[in-house]
Amino acid sequence: MERMMEPSLTDIDDMIVHEKMQAALEHQNEAWADGMADGIEPEIIADAAIALAMRETVRLHGEDGAEAMLNSLRERMLAGEFSPQRSLQ
């Protein structure tokens, strides 16, 4: 009888991070919708969200950590990860 493979701790950690990311994105989408409903332009909402994210990243990881995050985001952006035309498979 073939035994099913149990997920490793790394797999479980990855699933937890994925679930947390999904929940965080839902919260961000709600905040975005609330701002739009209040008449705030998307550019202003985006700028505020990025500024807050950067302040928190610098607070938690320092300027070097924030710079590393920005470099990673830049690479992901250039790879098309954030493009509205990107199709998920």
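Structure report, in brief.

Cut-offs used in this document
Residues numbered from 1 in each chain as written. Predicted model: local features only at pLDDT ≥ 70, side-chain atom pairs only at ≥ 80, totals over all residues. Heavy atoms only, no water. Helix = DSSP H or I, 4+ residues; strand = E, 2+ residues; numbered from the N terminus. Rg over C-alpha atoms; globule rule 2.2 N^0.38 Å. Buried < 20%, exposed > 50% of the residue type's maximum accessible area, 1.4 Å probe, protein only. Areas by Shrake-Rupley, 256 points an atom, 1.4 Å probe, with all protein chains shown as cover. Lys, Arg positive; Asp, Glu negative; His and termini not counted. Charge placed at Lys NZ, Arg CZ, Asp CG, Glu CD. Expected span 1.5 Å × (residues − 1). Bend = angle between axes of the 7 residues up to and from the residue. 1 Å grid on protein atoms, 1.4 Å probe; cavity = no way out; pocket = protein on both sides within 12 Å on 5 of 7 lines; lining within 4 Å. Points joined across faces, edges and corners; volume = space filled by probe spheres on them. Nonpolar A, V, L, I, M, F, W, Y, C, P; charged D, E, K, R; others polar. Patch = residues over 30% accessible without salt bridge, like charges linked within 9 Å, V, L, I, M, F, W, Y side chains within 5 Å. Salt bridge = Lys/Arg side-chain N within 4 Å of Asp/Glu carboxyl O. Axes fitted to C-alpha atoms, helices over the stretch in contact; angles between N-to-C directions. Parallel < 35°, antiparallel > 145°, perpendicular 65-115°, else oblique. Left-handed = near helix turned anticlockwise from the far one by under 90°. Contact = heavy atoms within 4.5 Å.

What about the overall build of the protein chain?
Link 1 in the chain: Scanning the protein chain from N- to C-terminus turns up 2 helices and 0 strands.
Link 2 in the chain: Against the compact-globule benchmark of 12 Å for 89 residues, the protein chain has a radius of gyration of 18 Å, which places it well outside the compact range.
Link 3 in the chain: Seen along its three principal axes, the alpha-carbon backbone of the protein chain occupies a region of about 60 × 35 × 25 Å.
Link 4 in the chain: For the protein chain, the residues scored as buried account for 6% of the 89 residues in total.
Link 5 in the chain: As displayed, the protein chain has an accessible area near 8,200 Å², and 58% of this comes from carbon and sulfur atoms.
Link 6 in the chain: When the 7 basic and 19 acidic side-chain charges of the protein chain are each reduced to a single mean position, those positions are 4 Å apart.

Describing helix H2 (residues 42-78)
Link 1 in the chain: Over its 37 residues, H2 extends only 22 Å from the first C-alpha to the last, a length that falls short of the 54 Å expected when each residue adds 1.5 Å.
Link 2 in the chain: Maximum bend of H2: about 120°, positioned at histidine 61.
Link 3 in the chain: Along H2, the positions that sit buried rather than exposed are Ile45, Met54, Thr57 and Ala66.
Link 4 in the chain: Positive backbone phi, at 90°, marks glycine 80, one or two positions downstream of H2.

As for the layout of surface pockets
Link 1 in the chain: Counted as a void, the largest pocket has a volume near 1,300 Å³.
Link 2 in the chain: In terms of lining, the largest pocket is formed by 26 residues, of which the most central are Leu25, Gln28, Ala49, Ala53 and Leu73.
Link 3 in the chain: Looking at the lining of the largest pocket, the element that brings in the most residues is H2, giving 16 residues.
Link 4 in the chain: Of the residues contributing to the lining of the largest pocket, the split by class is 17 nonpolar, 6 polar and 3 charged.

Observations regarding a nonpolar patch on the surface
Link 1 in the chain: Together, Leu9, Ile12, Met15 and Ile16 make up an exposed nonpolar region whose accessible area comes to about 390 Å².
Link 2 in the chain: In this fold, isoleucine 16 is placed in helix H1 (residues 9-37).
Link 3 in the chain: Isoleucine 16 gets classed as partly exposed once you look at its relative accessible area, which sits at 43%.

Focus: the packing of H1 against H2
Link 1 in the chain: One way to put it is that H1 packs onto H2 with a least axis distance of 10 Å and a crossing angle of 140°. When the axis of H1 is compared with that of H2, the two are oblique. The two elements H1 and H2 cross, and the hand of that crossing is right-handed. Judged by residue contacts, Trp32, Gly35 and Met36 of H1 engage Pro42, Ile45 and Ala46 from H2.

Description of H1
Turn by turn, an α-helix covers 3.6 residues, leaving residues three or four places apart pointing in a common direction.
Link 1 in the chain: With 29 residues, H1 should reach 42 Å at 1.5 Å per residue; the first-to-last C-alpha distance of 42 Å fits that figure.
Link 2 in the chain: Trailing H1 by a residue or two, glycine 39 shows a phi angle of about 85°, which is positive.

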